[in-house]
Amino acid sequence: MKTTPAMHRDIDAAHKRAMDIKHERYHAKLDQDLAFFRAKLLTLSLLTAIATLVWSLASTENGNQVCQLMSQLFK
């Protein structure tokens, strides 16, 4: 069967659509992974800040009492 220029244009258009969809999926996955990484990084920084605050509070007498009260609240 002989192919015509119109058939080649259809094949090229279908290939371009397939590559565009693949490219969009790739970028959607990248965006999702980046958002997940940012969430993990934010969680880690918040936990570090909380741990630093508790450590600094526990190193003083009044802070130690505050930590004991907080631990009683969360029991």
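Refer to the structure printed above.
So, a few notes on the structure that sits alongside this text. (Residues numbered from 1 in each chain as written. Predicted model: local features only at pLDDT ≥ 70, side-chain atom pairs only at ≥ 80, totals over all residues. Heavy atoms only, no water.)

Some thoughts on the overall build of the protein chain
Then step 1. Of regular secondary structure, the protein chain possesses two helices and zero strands.
Then step 2. Whereas a compact globule of 75 residues would reach a radius of gyration of roughly 11 Å, the protein chain reaches 29 Å, over 25% beyond that.
Then step 3. Overall, the C-alpha framework of the protein chain stretches about 90 × 20 × 10 Å when taken along its three principal axes.
Then step 4. Within the span of the protein chain, comprising 75 residues, buried residues form 3% of the whole.
Then step 5. Carbon and sulfur atoms provide 67% of the accessible area of the protein chain, an area that totals close to 7,100 Å².
Then step 6. When the 10 basic and 7 acidic side-chain charges of the protein chain are each reduced to a single mean position, those positions are 5 Å apart. (Helix = DSSP H or I, 4+ residues; strand = E, 2+ residues; numbered from the N terminus. Rg over C-alpha atoms; globule rule 2.2 N^0.38 Å. Buried < 20%, exposed > 50% of the residue type's maximum accessible area, 1.4 Å probe, protein only. Areas by Shrake-Rupley, 256 points an atom, 1.4 Å probe, with all protein chains shown as cover. Lys, Arg positive; Asp, Glu negative; His and termini not counted. Charge placed at Lys NZ, Arg CZ, Asp CG, Glu CD.)

Concerning a nonpolar patch on the surface
Then step 1. Together, Leu 34, Phe 37, Leu 41 and Leu 44 make up a nonpolar patch on the protein surface, roughly 390 Å² of accessible area in all.
Then step 2. Secondary-structure assignment places Leu 41 in helix H1 (residues 5-58). (Patch = residues over 30% accessible without salt bridge, like charges linked within 9 Å, V, L, I, M, F, W, Y side chains within 5 Å. Salt bridge = Lys/Arg side-chain N within 4 Å of Asp/Glu carboxyl O.)

A word on the pattern of salt bridges
Then step 1. With the rule as written, the count across this model stands at two salt bridges.
Then step 2. Here Lys 16 makes a salt bridge to Asp 20, at a shortest N to O gap of 3.1 Å. Within this pair, Lys 16 and its partner Asp 20 are both found in helix H1, separated by four residues, close to a single helical turn.
Then step 3. Residue Lys 16 is classed as exposed on the basis of its relative accessible area, which comes to 51%.

Let's talk about the packing of H1 against helix H2 (residues 61-73)
Then step 1. Between H1 and H2, whose axes approach to 6 Å, the crossing angle comes to 125°. In this view, H1 runs oblique relative to H2, as classed from their interaxial angle. Only Gly 63, Asn 64, Val 66 and Cys 67 of H2 make contact with H1, whose side of the interface consists of Val 54, Leu 57 and Ala 58.
Then step 2. Class assignment of the residues belonging to the contact of H1 with H2 gives a composition of five nonpolar, two polar and no charged. (Axes fitted to C-alpha atoms, helices over the stretch in contact; angles between N-to-C directions. Parallel < 35°, antiparallel > 145°, perpendicular 65-115°, else oblique. Contact = heavy atoms within 4.5 Å. Nonpolar A, V, L, I, M, F, W, Y, C, P; charged D, E, K, R; others polar.)

Some details on the environment of Thr 52
Then step 1. Mapped onto the elements of the fold, Thr 52 is located in helix H1.
Then step 2. A polar contact of 2.8 Å, which involves the side chain of Thr 52, links it to the backbone oxygen of Thr 48. (Polar contact = N/O pair within 3.5 Å; in protein donor to acceptor, adjacent residues only side chain to side chain.)

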